[in-house]
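Below, each chain spelled out in residue letters.
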Amino acid sequence: MAERDAAMVDLVLDKYRHPEINALAIQIEALLVATNVRGMETVRNRGYRGYLQRAVSTLLRQRERVAIVSGFPVTQGFETDGPAGALALANGLRQLGSEVVLLGIDHYIAALQRCARELQPSHFMPVAPACVGDQLRQFVAQFRPTLLVFVEVPGAGADGRYRNMRFRDITEQTLPWEQLMSLVDCPTLAFADGGNELGMGRLHQELHGLPVACAAASTDELVIADVSNWGVYGALALASVCVDRPLLQGFCLVRCLRALNLEGIVDGVTGACTATEDGLLLGQSVAMFSALRALAEGALAMPESEDIAPLEEDVA
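Predicted, not measured: the structure shown is a model, and the values here were computed from it.

Chemist: Please explain the overall build of the protein as it appears in this structure.
Modeler: Summing up its helical and strand segments, the protein has 11 helices and 8 strands in all. Expressed as a percentage of the 316 residues in the protein, the buried residues total 59%. A sequence separation of at least 24 residues applies to 72% of the contacts in the protein between residues at least 6 apart. Element-wise, carbon and sulfur atoms account for 51% of the exposed surface of the protein, whose accessible area totals about 12800 Å².

Chemist: When you look at the pairing of strand 4 (residues 99-105) in this model, what are you seeing that I'm missing?
Modeler: As a general feature of sheets, a regular strand has side chains that alternate between the two faces. Counted residue by residue, strand 4 has 6 buried out of 7 residues, so it is predominantly covered. The pairing of strand 1 (residues 65-70) with strand 4 spans 5 bridges and is parallel. If you follow valine 66 over to strand 4, its bridge partner there is valine 100. Where strand 4 lies against strand 5 (residues 123-127), 5 bridges are found, and the strand directions are parallel. Bridging from a neighbouring strand, isoleucine 105 pairs with valine 127 of strand 5.

Chemist: What's the story with the packing of helix 5 (residues 83-95) against helix 9 (residues 228-243) in this structure? I'm lost.
Modeler: The relative placement of two packed helices is expressed as an angle between their axes plus a distance between the axes. Running from amino to carboxyl end, helix 5 crosses helix 9 at an angle of 15 degrees, the nearest separation of the two axes being 8 Å. As judged from the angle between their axes, helix 5 and helix 9 are roughly parallel. For the element pair helix 5 and helix 9, the recorded crossing hand is left-handed. Across the interface between the two elements, Ala84, Gly85, Ala88, Leu89 and Gly92 from helix 5 touch Asn229, Val232, Tyr233 and Leu236 from helix 9.

Chemist: Any chance you could explain the pattern of salt bridges here in plain terms?
Modeler: When charged atoms on two side chains of opposite charge get close, those side chains can pair. Per the counting criterion, the structure on display carries 10 salt bridges. Measuring nitrogen to oxygen at the nearest pair gives 2.8 Å for the salt bridge that ties glutamate 29 to arginine 44. On the criterion of sequence distance, the pair formed by glutamate 29 in helix 2 (residues 19-32) and arginine 44 in helix 3 (residues 40-45) is long-range, its members being 15 residues apart. The exposure class of glutamate 29 is buried, given its relative accessible area of 1%. Where arginine 161 meets aspartate 169, a salt bridge forms, and the shortest distance between an N and an O atom there is 2.9 Å. Via salt bridges that share partners, Arg38, Asp193 and Glu197 belong to a single interconnected network.

Conventions used here
Residues numbered from 1 in each chain as written. Predicted model: local features only at pLDDT ≥ 70, side-chain atom pairs only at ≥ 80, totals over all residues. Heavy atoms only, no water. Helix = DSSP H or I, 4+ residues; strand = E, 2+ residues; numbered from the N terminus. Buried < 20%, exposed > 50% of the residue type's maximum accessible area, 1.4 Å probe, protein only. Contact = heavy atoms within 4.5 Å. Areas by Shrake-Rupley, 256 points an atom, 1.4 Å probe, with all protein chains shown as cover. Pairing = 2+ DSSP bridges. Axes fitted to C-alpha atoms, helices over the stretch in contact; angles between N-to-C directions. Parallel < 35°, antiparallel > 145°, perpendicular 65-115°, else oblique. Left-handed = near helix turned anticlockwise from the far one by under 90°. Salt bridge = Lys/Arg side-chain N within 4 Å of Asp/Glu carboxyl O.

Here is the structure:
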């Protein structure tokens, strides 16, 4: 991390000296859970607040070598919520000079890698179920991550089984990513939207009474949102203001979702091969992404002469 960037992060994350950063973080948090489709606004109203600023602080301070895990199985494939966020996060981090590796179960990563050829070059780590332990140990020893991030990743319940939002057992379709947490010596961060994702264990009490299968594992930081991908976009918007760079630029949500569809990655709620996230209309996702990017760029007070790409391409 460059000394100038480190000093800037230290400065802008001091909420007492820079209350506008804190205010923006609160504004983004409220926006991310506003539809409350899976109870995340309810969780926030039960006292889980201030998480976005804490997560972004960790993300920026620990961004030297970042491992990003994604991939939530649905039907015979995987859902769009997770990979889009992982690719967006990789794009933003690389603008800050981070080394980034995207991890996932082997056949999912193969699809993600083909998709990313049209979007952004990245390093990928496919993990085979038959040798997950050995591969993860070797990865950690070689890459030495400074931050481990999970974007919409299944988390085991108290009984050790993994379940989807419909409470169906998906243990055989995923990997025990909790093993990776036990191998790293760095902070962990998760993006989640329901309760059954890795990292949500820290909200066991706040999730009480909601129709969710709560995961047991907790991460150091946890960002909740109506859609896990949205949590990533929100974190990047706040991080943009912290480091004075538009980190959401260079990532087109619509193009990414359509590329994922071409690889058989589907909407996790409907199961349809559409450019949508969690059963919501594409226009809702585009509106969220555009609003977050506009908040960030407005706070950056970018000069009019700077070349700014359109917020999103036509969603039709």
